[in-house]
Amino acid sequence: MKPRLLFDLPVLRRATADSFDTRPTALDRWFAQLPMGSIGESCREIFMALYEVNRTQVTPSQRLAFLERLAEPLALVLPALQHHYFGQPFPLPEKAQQVARLAVDLQVELVIGYRLVLEGVRHQPWYKPWGRKPRKALAAHRMLHYLGNILIDYQWQHLPYPRGVWRTVHRIFRHEGKAGRMRWPVPPLAGTDSTTTVLEEYKRVLLCALVPPSRISIEQWHALGRHLQQWLPLIRLDPTSVEYGFWVRIDSDSPPTELPMDFTAAMGRRGKYTVLNTRPLIEQLEHLLMDPSVAFPAGLTRDSIETLRNAWSGARGRHAERRRGRGQEMQLLVGVGALYQALGGKLPTLPETLDLTRTDGNDNGRAWVHNTMPTAPPQPVIARVVDQSESGYGLELTTAPLQPLREGEIVGLRSQTVPHWEICYVCWLRAVEGKPVSLGVQHLALEALPVEVMVGVESGHSAPLGSLLGTTATGETALFMPNLPGVEHKVLQLGYRGHVAAIVLQERLDASSGFAAFLFDTPAHAHQAGLAAQEAWRHRAAAPEAAAAEADRYSEVWNTL
């Protein structure tokens, strides 16, 4: 399972006489005494200061000034850390892994710091504007920058991306676009060749994710960073472009992927997406390769330019769609209820409808939820694979299913050779008289488990609703259940093999008229971020001591550097 980084905001302590001083004069003295001749000691002091300030109540202006001034020493420290794991054989030695974890932890703390700036700006009184919108654009840009660097670090370590990071990157882009700040200019990060708008930084993160580390040297990678700023204006984000580029699902937790062969079928008119149109950039790179009178950018060779052209050429991917499995037969079940029962769930004893919002004797505000669970063991139908791609399958049904089949419905698929059921949804459906029914399905989760969900109602809890647990492509465990409007605001219990636990629905991953998919957590975990965490923090050591204890984890790293 992919690791999950902790970007939760820490509980802030009040500043004391022993806390790190973020006033301008004190900051000047602290930065002046940083021993930049010793990378290890400088890194240790930066880490301890950043960890402490992120857990101390500081004014937004002082916090932002501290984070911005950290950029210049970090421009020296981070490349020195990356030298220990960039371009190294896999798996990394233990010491190199420690250095890599330190680099990631440093940048996680930076993301947390800028999130605290955003929270501070949002909670300022109306009579203290302090440049709310420019500061929000600046904080969003910096968060994108360091999140992109974290993704690059995992990429160069040949590790799966940590869960949730790509989703956060896409969210920042979407939020700033809705707020109209996507093209607002911001100061570049000191000591770096940083971009100056959220849009450019987002494009930088997407392009870097497409570069294969195994095909480029560390020196060429750094040279690419210096020249990428000149190439970013050639990149367009255009949701209507389906002929050239990469598919970016901005409501997912995934990097840009190659455009599917049948783009309309793969999307099924669902979700939020855009296309990273790289054609103008590819034309620029091809011009460099074909014109001998044009010099290559400093630090890049013909081989590296060809590697970048191939990596960023979306057209290549469109013709490399997988076609294996054509003609293979699979079993298909329609609906959450049928799949739940096929996985071993008990036959439900539900009334025809459930009233989940009754509050009085009339029908005002009442939401009736129809029980679509089958009352007899479901019988799968045989579907023949016509096409297969990274996104899903194109199928033809040999017989009509007993359950109603419509676009947006959840289905279960099982091949002859794989014993478990896969959860998919129908993204397009075509029925022509005299021909087999054809449909396209997209992957949702593998190896689903049958569970029951009990919804809190006036009389206690509803009868169990047959639902499914599944692991998504990003490694997250999601709950798939009948689509109940407003269910995320209800008190819920989850049952599995006789065990019952209270749950809280979090992010809605997907939904249609037939199903809804959510990330979820237990109330204990959610509560831990609230009053319980604050109480626990009061009994912990002071912030400077906590920072020193946290830094002790990397005592060997400081000596290595």
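Each value, and the rule that gives it
- In every chain, residue numbers begin from 1 and rise along the written sequence.
- With pLDDT at 70 or above as the cut-off, local features in this predicted model cover only qualifying residues; side-chain atom pairs require 80 or more to be listed or tallied, and sums for whole chains, interfaces and linings still use all residues.
- Each side-chain value is worked out from all heavy atoms of the structure, with water and hydrogens disregarded.
- Two rings from Phe, Tyr or Trp (for Trp, the six-membered ring) form a pair when their centres are within 6.5 Å of each other. A pair whose planes differ by under 30 degrees is stacked, one over 60 is edge-to-face, and the rest are tilted.
- By the criteria applied, helices consist of DSSP H or I runs no shorter than four residues and strands consist of E runs no shorter than two, each listed in order from the N terminus.
- In this analysis the charged atom, NZ for Lys or CZ for Arg, is taken to sit over a ring once it is within 6 Å of the ring centre and within 35 degrees of the ring normal.
- Every residue gets a pLDDT, meaning the predictor's confidence in that residue, from 0 to 100.
- When checking whether two residues touch, look at their non-hydrogen atoms; a contact exists if any pair is within 4.5 Å.
- Polar contact criterion, stated in full: a pair of N or O atoms within 3.5 Å, where within protein one must be able to donate a hydrogen and the other to accept it, and residues adjacent in sequence count only if both atoms are side-chain atoms.
- Multiplying one less than the number of residues by 1.5 Å gives the expected span of a helix.
- For the exposure calls, accessible area comes from a 1.4 Å probe over protein chains only, and a residue counts as buried if that area is under 20% of its type's maximum, exposed if over 50%, partly exposed in between.
- Should DSSP find at least two bridges between two strands, the strands are taken to pair.
- Helix axes are fitted only over the stretch in contact, all axes being lines through C-alpha atoms; the angle between N-to-C directions runs from 0 to 180 degrees.
- We call two directions roughly parallel when the angle between them is under 35 degrees, roughly antiparallel when it is over 145, roughly perpendicular when it lies between 65 and 115, and oblique otherwise.
- Take the far helix as your reference; a near helix turned counterclockwise from it by less than a right angle gives a left-handed crossing, and one turned clockwise gives a right-handed crossing.
- In this count, Pro and Cys sit with the nonpolar residues alongside Ala, Val, Leu, Ile, Met, Phe, Trp and Tyr, while Asp, Glu, Lys and Arg are called charged and the others, Gly among them, polar.

### Overview of the packing of aromatic side chains
Counting across every chain of the model gives 10 aromatic pairs. Note on Tyr 114 and Tyr 146: the rings are 6.4 Å apart at their centroids and 20° apart in plane angle, and the pair reads as stacked. Here Tyr 114, found in helix α4 (residues 94–122), pairs with Tyr 146, found in helix α5 (residues 132–156); they are 32 residues apart in sequence, far enough to count as distant. Here the aromatic cluster, defined as three or more aromatic residues joined through ring pairs, consists of Trp 30, Phe 31 and Phe 66. In this structure, Arg 55 is placed above the aromatic ring of Tyr 51, and the distance from its NZ or CZ to the ring centre is 3.6 Å.

### Examining the confidence of the model for the chain
Model confidence for the chain is summarised by a mean pLDDT of 76, while 80% of its residues fall at 70 or above. Mean pLDDT across the elements of the chain ranges from a minimum in strand β7 (residues 368–370), with 40, to a maximum in helix α7 (residues 198–209), with 90. Across residues 347–374, where pLDDT falls below 50, the model places 53 contacts with residues more than four positions away in sequence or in other chains. Across residues 525–541 the pLDDT falls below 50, and counting only partners more than four positions away or on other chains, this stretch makes 15 contacts in the model.

### Side note on the environment of Thr 197
Summarising the element assignment, Thr 197 is placed in the loop between α6 (165–178) and α7. Each C-alpha atom, one on Thr 197 and one on His 141, is 6.8 Å from the other, the two residues being 56 residues apart in sequence. Once you skip the residues sitting within four places of it in the chain, Thr 197 turns out to touch His 141, Met 182, Arg 183, Trp 184, Pro 185 and Val 186. Here Glu 200 takes part through its backbone nitrogen, which lies 3.1 Å from a polar atom of the side chain of Thr 197.

### Description of α7
Taking 1.5 Å as the rise per residue, α7 with 12 residues should run 16 Å; its terminal C-alpha atoms sit 17 Å apart, in good agreement. The buried fraction of α7 is high, at 12 of 12 residues. Listed in full, the buried residues belonging to α7 are Val 198, Leu 199, Glu 200, Glu 201, Tyr 202, Lys 203, Arg 204, Val 205, Leu 206, Leu 207, Cys 208 and Ala 209.

### Examining the sheet that holds strand β3 (residues 257–258)
What the 4 strands build is an open sheet, ordered β1-β4-β2-β3; its pairing is antiparallel. At either margin of the open sheet sits one strand with a lone partner, and together these are β1 (236–237) and β3. Where β1 lies against strand β4 (residues 273–277), 2 bridges are found, and the strand directions are antiparallel. Bridging across to β4, Arg 236 finds its partner in Asn 277.

### Some words on the packing of helix α8 (residues 218–231) against helix α11 (residues 302–312)
Relative to each other, α8 and α11 sit at 60°, their axes nearing to 12 Å. Taken together, the axes of α8 and α11 are oblique relative to one another. Crossing handedness for the pair α8 and α11: right-handed. Packed against α8, whose contacting residues are Gln 220, Leu 224, Leu 228 and Trp 231, the element α11 presents Ser 304, Ile 305, Leu 308 and Trp 312 at the interface. Taken together, the residues of the contact of α8 with α11 break down into 6 nonpolar, 2 polar and no charged.

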